[in-house]
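As a plain string of letters, each chain reads:
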Amino acid sequence: MSLEQRITDAEGAIAAAKATDAATVEAFRVAMLGRHGVVTNLLDELKQVPPEQKRQWGQRLNQLKNAARERWEELKAATESLPAGSTGPATDVTRPAFSGAPGSLHPISIVRQRITGIFARIGYTVSEGPEVEDDRHNFGALNFPPEHPARDMQDTFFVDGPGEHALRTHTSSVQVRVMESGKPPFRTVSPGRVYRNEAISARAHCMFHQVEGLYVDKGVSFAELKGTLDYFAKSLFGPEVNIRMRPSYFPFTEPSAEVDMSCTICGGKGCTVCKHSGWVEIMGCGMVDPAVLTNCGIDPEVYSGFAFGMGVERIAQLLYRVPDLRLYWENDVRFLEQFSADAFHG
Ligand code: PHE
């Protein structure tokens, strides 16, 4: 075997050397640098090299010797702290433990928190209620009399017979509970999961999330409703957005309106998201119907109020530009991971 080949082999052996304790470190030193060690033998052969090549091989062999020494020092340092008889490298028990990848909030939770946070800043409390709701709280008190066709607007999952219990179709049920619980003023938002019997597609799901809001006090006006929703839209989507209201119908509000926001994707110029209208629908709202106040024990001659309700998925779609609703339920980690940085923004 040529000298070159044997030097290369020795370099490989040095680089790959491992040791588990002081004895194996010493065995490495003897095998490489001992009196009959690999490196020592190669250095001895320098004597037979023709004089004109001595300088070149001398340098090469010196590097090999230094590499062997360095490796020996490294192995010594790595094993020195090991207790006698140990078979592995030392464990530093003072090092911080690996805590795993930090999790993150679901995009729907992030958006729900942002919405409730914006209303909290203007004095709204957060109220919650049951998902299995009785007929009175989901329908009756909200001015949906039995057999009223408006009940068909919301395809209901009944738990027992119609007129008894159902999965709530909106969180307006929570607002009834709030109004029944005491005396105005009430200023509250109700976030939560709601259910409607719809075929699952990119644009509809049988369960989704809402945040509904309620403000009842003396002299509450429609102008305040519009001002509040304008503040909300600008806080969430940016100061450049505008809102507009279109007349609509809900059994529990009179007058009622649908709220549109100038399209955040095209800035109002027209695109596929706003179907080239420049506006996107974001929620329903209206003045609480006097009959609803009466049903909840509030005198409509003294008090008035407004209510509004929005779908969290819908808002999330506009914020994140994720058009397919099903993605919010599949919980594919590759989808969820993309929102982790957003969790800590206001
Ligand atoms: N409850 C309505 C819905 O689920 C939304 C709404 C709430 C409309 C309050 C007006 C006032 O569609």
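Reference entry: report on the structure contained in this document. For every chain, the first residue of its written sequence is number 1, and the numbers climb from 1 along that sequence. The predicted origin of the model limits local features to residues at a pLDDT of at least 70 and limits the giving and counting of side-chain atom pairs to 80 or more, whereas totals for whole chains, interfaces and linings rest on all residues. Excluding hydrogens and water, the side-chain values take into account all heavy atoms of the structure.

## Things to note about the pairing of strand 8 (residues 279-288)
Both faces of the sheet carry side chains from a regular strand, because those side chains alternate between them.
Now for step 1: Exposed residues in this analysis have more than 50% of their type's maximum accessible area, buried residues have under 20%, and partly exposed residues fall in between, with area computed by a 1.4 Å probe over protein chains only. Labels follow the DSSP assignment, with helices taken as runs of H or I lasting at least four residues and strands as runs of E lasting at least two, numbered in each case from the N terminus. The buried fraction of strand 8 is high, at 8 of 10 residues.
Now for step 2: Whether two strands pair depends on DSSP finding at least two bridges between them. The pairing of strand 7 (residues 253-262) with strand 8 spans 8 bridges and is antiparallel. Within the sheet, the bridge partner assigned to aspartate 260 lies in strand 8 and is glutamate 281.
Now for step 3: Strand direction decides the pairing type here: strand 8 and strand 9 (residues 304-311), joined by 4 bridges, are antiparallel. Within strand 9, the position partnered with glycine 284 by the bridge is glycine 309.

## Thoughts on the pattern of salt bridges
Now for step 1: Salt bridge, as used here: a side-chain nitrogen of Lys or Arg that lies within 4 Å of a carboxyl oxygen of Asp or Glu. Across all of its chains, the model carries 15 salt bridges by this definition.
Now for step 2: Lysine 47 is the partner of aspartate 44 in a salt bridge, and the nearest nitrogen-oxygen pair spans 4.0 Å.
Now for step 3: Between arginine 244 and aspartate 260 there is a salt bridge, with its nearest N and O atoms 3.0 Å apart. Taken as a pair, arginine 244 in strand 6 (residues 243-250) and aspartate 260 in strand 7 lie far apart in primary sequence, 16 residues in all.
Now for step 4: Classification of aspartate 260 by relative accessible area gives buried; the value is 3%.
Now for step 5: Each of the salt bridges in this network shares a partner with another, and the network as a whole consists of Arg244, Arg246, Asp260 and Glu281.

By themselves these figures say nothing about function.
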